[in-house]
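# Descriptive structure summary
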Amino acid sequence: MDEQRTDTKLRSHEEIAARVKALESLMIEKGVMTTEAVDRMADAYENEVGPQLGAKVVAKAWTDPEFKVKLLADATAACAELGVGGLQGEHMVVVEDTDDVHNAIVCTLCSCYPWAVLGLPPNWYKAPAYRARITREPRKVLAEDFNYSIADTIEIRIWDSSSELRYWVLPQRPTGTEGMSEDDLATLVTRDSMIGVGPVMEAAK
Ligand code: FE
């Protein structure tokens, strides 16, 4: 479940969890949903929907220029072509890393995240420290918290997601991967590289 707001009051995670549990019990009681269906959905987001889906999309963009254009123009539609999408994947926007620009994502308000391509968000993504600091001092946060140094000559852009708009990053294809297949390329794409807080893996020598 994602964030809920009433006017300016932000609900606590405990309160949301309690409400979700209550709603789930009610739906099961009324026969709208079964325990199995709920378990099935939780299981899917824990085990099936994960960064391997985003990695597949990135590898496709690295090898198919036409697909890349589509991905940057309408990420949700482009992902749907590959059978990737669904809950928390509506209105995705992909931002492209280049030689001059490095991108990273955050949700400063809460924890909006492109679940459909990255799975469940890591705990640090939801932590107030990351959310507050990544916008103020991104270079420092990346270097200190993630051991990821971005050269001073590269501009860092931070993209603030919301439940209406979920950003994620198309990292640069690593050098020395010219002969690699799409499937092999996908294995180089890390979750952190699609958040913008870590590199992709290097090609095996
Ligand atoms: Fe959020």
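Anyway, here's the lowdown on the structure attached to this text. (Residues numbered from 1 in each chain as written. Predicted model: local features only at pLDDT ≥ 70, side-chain atom pairs only at ≥ 80, totals over all residues. Heavy atoms only, no water.)

### As for the side chain of Ser161
Here Ser161 shows up in the loop between β5 (155-160) and β6 (166-170). With near-sequence residues (within four places) excluded, Ser161 lies in contact with Val106, Cys107, Cys112, Tyr125, Arg166 and Tyr167. (Helix = DSSP H or I, 4+ residues; strand = E, 2+ residues; numbered from the N terminus. Contact = heavy atoms within 4.5 Å.)

### Quick word on the pattern of salt bridges
Tallied over the full model, the rule gives 11 salt bridges. Between Arg133 and Asp145 there is a salt bridge whose closest N-O contact spans 2.9 Å. With Arg133 in helix α8 (residues 128-136) and Asp145 in helix α9 (residues 138-146), this pair connects stretches of sequence that are 12 residues apart. The partly exposed category is assigned to Asp145, whose relative accessible area is 43%. Asp152 is the partner of Arg139 in a salt bridge, and the nearest nitrogen-oxygen pair spans 3.9 Å. Here the residue Arg139 occupies a position in helix α9, and Asp152 occupies one in the loop between α9 and β5, the gap between them amounting to 13 residues. Classification of Arg139 by relative accessible area gives partly exposed; the value is 28%. You can call Asp152 exposed: its relative accessible area is 68%. Residues joined by salt bridges that share partners form a network here, namely Arg133, Glu137, Lys140, Glu144 and Asp145. (Salt bridge = Lys/Arg side-chain N within 4 Å of Asp/Glu carboxyl O. Buried < 20%, exposed > 50% of the residue type's maximum accessible area, 1.4 Å probe, protein only.)

### Things to note about the environment of Ala204
Relative to the elements of secondary structure, Ala204 occurs in the segment after α11 (191-195). Overall, the relative accessible area of 77% leaves Ala204 in the exposed class. Taking the C-alpha atoms as reference points, Ala204 and Thr177, separated by 27 residues in sequence, lie 8.9 Å from one another.

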